[in-house]
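Read off the chains here:
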Amino acid sequence: MKSHPKFERTLVIIKPDGIQRTLIGEILKRYEQVGLKLVGIKMLIPTADLIEEHYTLDPEWRTVTGLKTIKSYKDKGLTPPHTDPLKITAIILKNLVKYMTKGPVIAMVWEGAHAVAIVRKVTGGTEPLTSPIGTIRGDYVIDSYSMSDTDSRAVRNLVHASGSVKEANDEIDHWFKKGELFDYRHISEAMLYDVDLDGILE
Ligand code: ADP
Ligand code: MG
């Protein structure tokens, strides 16, 4: 039963800038209104270790994120700060730790069919400048790789969202204990998942 697609879970973190910009309600609303279910939530000030471990749970993250940054510079006709992706991510990781430990964050687990992909769609791309209107990162913030690199800081993009089902499972274990997550049903879930829709008429 628990293997049904409707039980997929993903981790979302409202980063310090999301809290400071008073966007908690707006951000929660986006994930809630698409049909996902909140199964865990807490506020905390992360330690440096929690953040560094979070971003390096995936051994490929350093390479992938460095290459993504280089591509984004090249797509805009700009020269990336380094040609070596690992040099780029060494700087990003240091700046991320600084950014994510500056104030309280809200960590959440959202559940539902395709939770990982749906949350990434609602969240938008990493860089707010090129993130489409209608997404959280496209609608509420204006940062870019070039601006954050000029100022030697992390891109401020309001939220973290897991990038794959494997990443989500690892990240949920990293941020939440078993007893902090809840198995429950929304009465309205039948509209999303019930096969026969038998419960509507008296
Ligand atoms: P996402 O959060 O979209 O999954 P990544 O996993 O690639 O993005 O990167 C993690 C976070 O690191 C981003 O959300 C952003 O805050 C920061 N970041 C990524 N690339 C850069 C960069 N080139 N310069 C500054 N900060 C970056
Ligand atoms: Mg990521």
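Everything here concerns the structure above.
The structure contained in this document is the topic of the report that follows. These numbers were taken from a predicted model, which means no experiment stands behind them.

About the criteria used
- Residues numbered from 1 in each chain as written.
- Chains lettered and ligands numbered in written order.
- Predicted model: local features only at pLDDT ≥ 70, side-chain atom pairs only at ≥ 80, totals over all residues.
- Heavy atoms only, no water.
- Helix = DSSP H or I, 4+ residues; strand = E, 2+ residues; numbered from the N terminus.
- Buried < 20%, exposed > 50% of the residue type's maximum accessible area, 1.4 Å probe, protein only.
- Contact = heavy atoms within 4.5 Å.
- Areas by Shrake-Rupley, 256 points an atom, 1.4 Å probe, with all protein chains shown as cover.
- Lys, Arg positive; Asp, Glu negative; His and termini not counted.
- Charge placed at Lys NZ, Arg CZ, Asp CG, Glu CD.
- Near = heavy atom within 4 Å.
- Polar contact = N/O pair within 3.5 Å; in protein donor to acceptor, adjacent residues only side chain to side chain.
- Core = buried A, V, L, I, M, F, W, Y, C linked by side-chain atoms within 4.5 Å.
- Expected span 1.5 Å × (residues − 1).
- Axes fitted to C-alpha atoms, helices over the stretch in contact; angles between N-to-C directions.
- Parallel < 35°, antiparallel > 145°, perpendicular 65-115°, else oblique.
- Left-handed = near helix turned anticlockwise from the far one by under 90°.
- Nonpolar A, V, L, I, M, F, W, Y, C, P; charged D, E, K, R; others polar.
- Phe/Tyr/Trp six-rings, centres within 6.5 Å; stacked < 30°, edge-to-face > 60°.
- Lys NZ or Arg CZ within 6 Å of the ring centre and 35° of its normal.

Take the overall build of the chain next. Check the secondary structure of the chain and you find 10 helices and 4 strands. Scanning the chain from its N terminus toward the C terminus, one meets helices and strands in the order β-α-α-β-α-α-α-β-α-α-α-β-α-α. Evaluated residue by residue, the chain yields a buried proportion of 45% over its 202 residues. The contacts in the chain between residues at least 6 apart in sequence include a share of 76% that link residues at least 24 apart. About 11,300 Å² of surface is accessible on the chain, with carbon and sulfur atoms providing 58% of the total. When the 27 positive and 28 negative side-chain charges of the chain are each reduced to one mean point, those points stand 5 Å apart.

Near ligand 1 there are 18 residues, and of these W61, R120, T126, V155 and N157 occur at the shortest range. In the environment of ligand 1, an oxygen atom lies 3.1 Å from a nitrogen or oxygen atom belonging to the side chain of T65. Protein chains shield 97% of the accessible area of ligand 1, which is 530 Å² for the free molecule. At the level of secondary structure, the elements contributing two or more residues to the shell around ligand 1 comprise α4 (61–75), α5 (85–100) and α8 (145–150). The element contributing the most residues to the shell around ligand 1 is α4, with 4 residues.

With 23 residues, the main nonpolar core has L11, L96, V109, W175 and F176 as its most contacted residues. Counting residues per element, the ones that place at least two in this core are β1 (9–14), α3 (48–55), α4, α5, β3 (105–111) and α9 (165–175). Among the elements that line this core, the one with the most residues is α5, at 7 residues. In contact with L11, not counting residues within four places along its chain, are H54, M108, V109, H160, A161, S162, E171, I172, W175 and F176. Within the second largest apolar cluster, 19 residues are counted, among which are Y31, I106, W110 and L158.

With that settled, the discussion passes to α5. Along its 16 residues, α5 runs 22 Å from first to last C-alpha, staying within 8% of the 22 Å computed at 1.5 Å per residue. Among the residues of α5, those classed as buried are P85, I88, T89, I92, L93, N95, L96, V97, Y99 and M100. If you follow the buried residues of α5, they end up packed against β1, α1 (16–20), α3, α4 and β3. Residue D84 occupies the N-cap position of α5, its side-chain oxygen lying 2.9 Å from the main-chain nitrogen of L86.

Bringing the packing of α3 against α5 into the picture now. The description of two helices packed together rests on the angle between their axes and the distance between the axes. Direction vectors running N to C along α3 and α5 enclose 135°, while the axes themselves pass 9 Å from each other. With respect to α5, the element α3 is oriented oblique. Handedness of the crossing formed by α3 with α5: right-handed. Every residue of α5 that contacts α3 at A48, I51, E52 and Y55 is listed here: L93, L96, V97 and M100. Split by residue class, the contact of α3 with α5 holds 7 nonpolar, no polar and 1 charged.

Another aspect to go through is the packing of aromatic side chains. Scanning the entire structure with this criterion turns up 2 aromatic pairs. Ring centres of Y31 and W110 lie 5.7 Å apart, and the angle between their planes is 50°; on these two criteria the pair is classed as tilted. Here the residue Y31 occupies a position in helix α2 (residues 24–33), and W110 occupies one in strand β3, the gap between them amounting to 79 residues. Taken as a pair, Y31 and W110 share a single burial class, namely buried. Look at Y55 and W61: their rings are 5.4 Å apart centre to centre, the planes differ by 40°, and that puts the pair in the tilted class. Across the pair, W61 and Y55 agree in class, each one buried. The lysine or arginine in question, K37, covers the ring of Y184, its NZ or CZ lying 5.3 Å from the ring centre. The aromatic ring of F176 is capped on one face by K42, whose charged end is 4.6 Å from the ring centroid.

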